[in-house]
Amino acid sequence: MTTSTKTESVPLVELDDVSKYYGNIRALEGVSLEVRSGEITCVLGDNGAGKSTLIKIVAGLHRHDAGTFRIEGEEVTLANPRDALDRGIATVYQDLAVVPLMPVWRNFFLGSEPTKGSGPFKRLDVDLMRTTTREALLRMGIDLRDVDQPIGTLSGGERQCVAIARAVHFGAKVLVLDEPTAALGVKQSGVVLKYVAAARDEGLGVVLITHNPHHAYLVGDRFVLLKRGVMAGSHTKDSVTLDELTRQMAGGTELEDLRHELERPSAT
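If you look the protein up in an unreviewed UniProt entry, it shows as Sugar ABC transporter ATP-binding protein from Streptomyces gardneri.

Visitor: Would you explain the layout of surface pockets in this entry?
Guide: Space left empty within the atom packing is revealed by a probe, the size of a water molecule, rolled over the atoms. For the largest pocket, the calculated volume is near 790 Å³. As for the largest pocket, its lining consists of 29 residues, of which Leu-85, Ala-90, Thr-91, Val-92 and Arg-166 are closest to the centre. Contributing elements (two or more residues each) for the lining of the largest pocket: helix H3 (81-86), strand E6 (89-92), helix H4 (104-108) and helix H6 (156-169). In terms of residue count, the dominant contributor to the lining of the largest pocket is H6 (5 residues).

Visitor: Looking at this structure, how should I read the pattern of salt bridges?
Guide: Pairs can form between side chains of opposite charge whenever their charged atoms are close. Inspection of every chain in the model, using the stated rule, returns 17 salt bridges. Among the ionic pairs, Glu-179 bridges to Lys-51, the shortest N-O distance being 3.8 Å. Linking Glu-179 in the loop between strand E9 (174-178) and helix H7 (186-201) with Lys-51 in helix H2 (residues 51-58), this pair joins segments that are 128 residues apart in sequence. Neither Glu-179 nor Lys-51 differs from the other in exposure class; each is buried. Glu-202 is paired through a salt bridge with Arg-139; the nearest N and O atoms lie 2.5 Å apart. Linking Glu-202 in the loop between H7 and strand E10 (205-210) with Arg-139 in helix H5 (residues 126-139), this pair joins segments that are 63 residues apart in sequence. Connected via shared salt-bridge partners are Glu-34, Arg-36, Glu-39 and Arg-222.

Visitor: Quick question: what am I supposed to make of the sheet that holds strand E12 (residues 230-236) here?
Guide: The strands making up a sheet are joined through hydrogen bonds of the backbone, oriented either antiparallel or parallel. Strand order in the open sheet formed by 6 strands is E6-E9-E10-E3-E11-E12, with mixed pairing between adjacent strands. Two strands in the sheet have a free side with no partner beyond their single neighbour: E6 and E12. Neighbour-to-neighbour, the strand axes of this sheet turn through a mean angle of 15°, independent of strand direction. As paired elements, strand E11 (residues 222-227) and E12 share 6 bridges and run antiparallel to each other. Bridge pairing links Phe-223 to His-235 in E12.

Calculation rules
- The written sequence of each chain sets the order in which its residues are numbered from 1.
- Residue-level local features of this predicted model are given only where pLDDT is at least 70; pairs of side-chain atoms are given and counted only at 80 or more, and the full residue set underlies all totals for whole chains, interfaces and linings.
- For side-chain calculations, the full set of non-hydrogen atoms in the structure is used, while hydrogens and water are omitted.
- Throughout, the protein atoms alone are placed on a 1 Å grid, and a set of points is a cavity if a 1.4 Å probe fits but cannot get out or a pocket if it is open with protein on both sides within 12 Å along at least five of seven lines; lining residues have an atom within 4 Å of a point.
- Grid points are joined across faces, edges and corners, and a volume is the space filled by probe spheres set on the points.
- Under the scheme used here, helices are H or I runs from DSSP no shorter than 4 residues and strands are E runs no shorter than 2 residues, and both carry numbers assigned from the N terminus.
- In what follows, salt bridge is the name for a side-chain nitrogen of Lys or Arg lying within 4 Å of a carboxyl oxygen of Asp or Glu.
- Exposure is judged per residue with a 1.4 Å probe applied to protein chains only, and the accessible area is read against the type maximum: over 50% gives exposed, under 20% gives buried, and values in between give partly exposed.
- Here the rule is simple: two strands pair whenever DSSP picks up at least two bridges between them.
- The angle between two axes is taken between their N-to-C directions and runs from 0 to 180 degrees, where each axis is a line fitted to C-alpha atoms and a helix contributes only its stretch in contact.

Okay, structure coming up:
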């Protein structure tokens, strides 16, 4: 086996039997998943399923208490979010960290602004930031009217797309998306999913956190279902149908039991 084949077979991110506890509270227990280049791994679950804890572990906000966390085959314990970023893991949270009144290009480079000149003549390279932002967005197929407009004037879907393009531009290998379509309508959700797929096609490994099995099935390659901090299922696209994924996500047997409880008693 060649070295390149070995490299391709190693997941970008792999969690193996990972657990996280807060005192006596079990937030996650025995969760496993893998994220590969050019694939989308969807993590599904209702509120309280453990999705947020999983994000925080992958993003370097919290350390796992048990199990193994590997990045490109190397076992790691991330110290902080900067450590995750340095290793190529970019996380886009549902409540995007943007400055609404600043232009799109300024938000695109926020915290990583290029400069020109030196000494007392050192200043932001505004022209470079404008041009680079426009080109990076176009590369992802995002054609904004004007990168000088305040980012707060964009729709929720457009802001999500800018965040995705930013992560791709700054060299992320793994993109973690926290419920990117949760507060969006059908049309805007479709736009965001289009750019999630574009990030995948750029070769990134994507983790899509969602409670919507329909959105997940449209773009996903792998599916991990969480329920009360434990895995309720793990599937590849070719091993599960949308109907079955939806049934498992909705509680399957629990809903069937509830249906029996709620049925009107038959008339005698």
